[in-house]
Amino acid sequence: MEVILINQNNPNENKNLVSQDADIVSEEIKTNFQAGEGKYREVRYKDGGFRQYDIETGELIGSSYQSDQKYLPNLE
């Protein structure tokens, strides 16, 4: 499976965050109770890492990978 991060400023410049041979262990839809009834998709990888994506927008909203931190929304 290939995971794509959508660049909100320019959708034509999508970034591959994971190569096609990434070892995905699980994918699960979860509820974000801090955002009301918002839902997100959590993808867990063989190396113990995870990424979280907003269900409605597909935007990366959480990640355990240091290399992804620059793609996360700024909550300040």
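For the structure, see preceding data.
One structure accompanies this document, and this report is about it. (Residues numbered from 1 in each chain as written. Predicted model: local features only at pLDDT ≥ 70, side-chain atom pairs only at ≥ 80, totals over all residues. Heavy atoms only, no water.)

Moving on to the sheet that holds strand E4 (residues 38–45). Taken in spatial order, the four strands line up as E3-E4-E5-E6 in an open sheet, and their pairing is antiparallel. Each edge of the open sheet carries a strand with a single partner, namely strand E3 (24–32) and strand E6 (60–63). Sheet twist, expressed as the mean angle between neighbouring strand axes with direction ignored, is 20°. (Pairing = 2+ DSSP bridges. Helix = DSSP H or I, 4+ residues; strand = E, 2+ residues; numbered from the N terminus. Axes fitted to C-alpha atoms, helices over the stretch in contact; angles between N-to-C directions.)

This part covers the packing of aromatic side chains. The full count for this structure, using the stated rule, is one aromatic pair. Taking 5.9 Å as the distance between ring centres and 65° as the angle between the ring planes, the aromatic pair formed by Tyr 45 and Tyr 65 counts as edge-to-face. One end of the pair, Tyr 45, is in strand E4; the other, Tyr 65, is in the segment after E6, with 20 residues separating them in the sequence. For the pair Tyr 45 and Tyr 65, one class covers both residues: buried. (Phe/Tyr/Trp six-rings, centres within 6.5 Å; stacked < 30°, edge-to-face > 60°. Buried < 20%, exposed > 50% of the residue type's maximum accessible area, 1.4 Å probe, protein only.)

This next bit is on the environment of Glu 59. Locating Glu 59 in the fold gives a position in the loop between strand E5 (50–54) and E6. A relative accessible area of 21% places Glu 59 in the partly exposed class. With 14 residues separating them along the chain, Glu 59 and Pro 73 place their C-alpha atoms 8.8 Å apart.

In this fold, Gln 52 is placed in strand E5. Accessibility expressed as a relative area gives 18% for Gln 52, which makes it buried. Ignoring any residue separated from it by four or fewer positions in sequence, one finds Gln 52 in contact with Tyr 40, Arg 41, Glu 42, Glu 59, Leu 60, Ile 61 and Gly 62. (Contact = heavy atoms within 4.5 Å.)

Here E3 runs beside E4; their pairing, made up of eight bridges, is antiparallel. Note on E4: the bridge partner recorded for Asn 32 is Gly 38. Pairing analysis gives five bridges linking E4 to E5, with the strands arranged antiparallel. Its bridge partner lying in E5, Val 43 is registered against Arg 51. Linkage of E4 to E5, two consecutive antiparallel strands, is achieved through a turn of four residues, within which Gly 48 is found at a positive phi near 95°.

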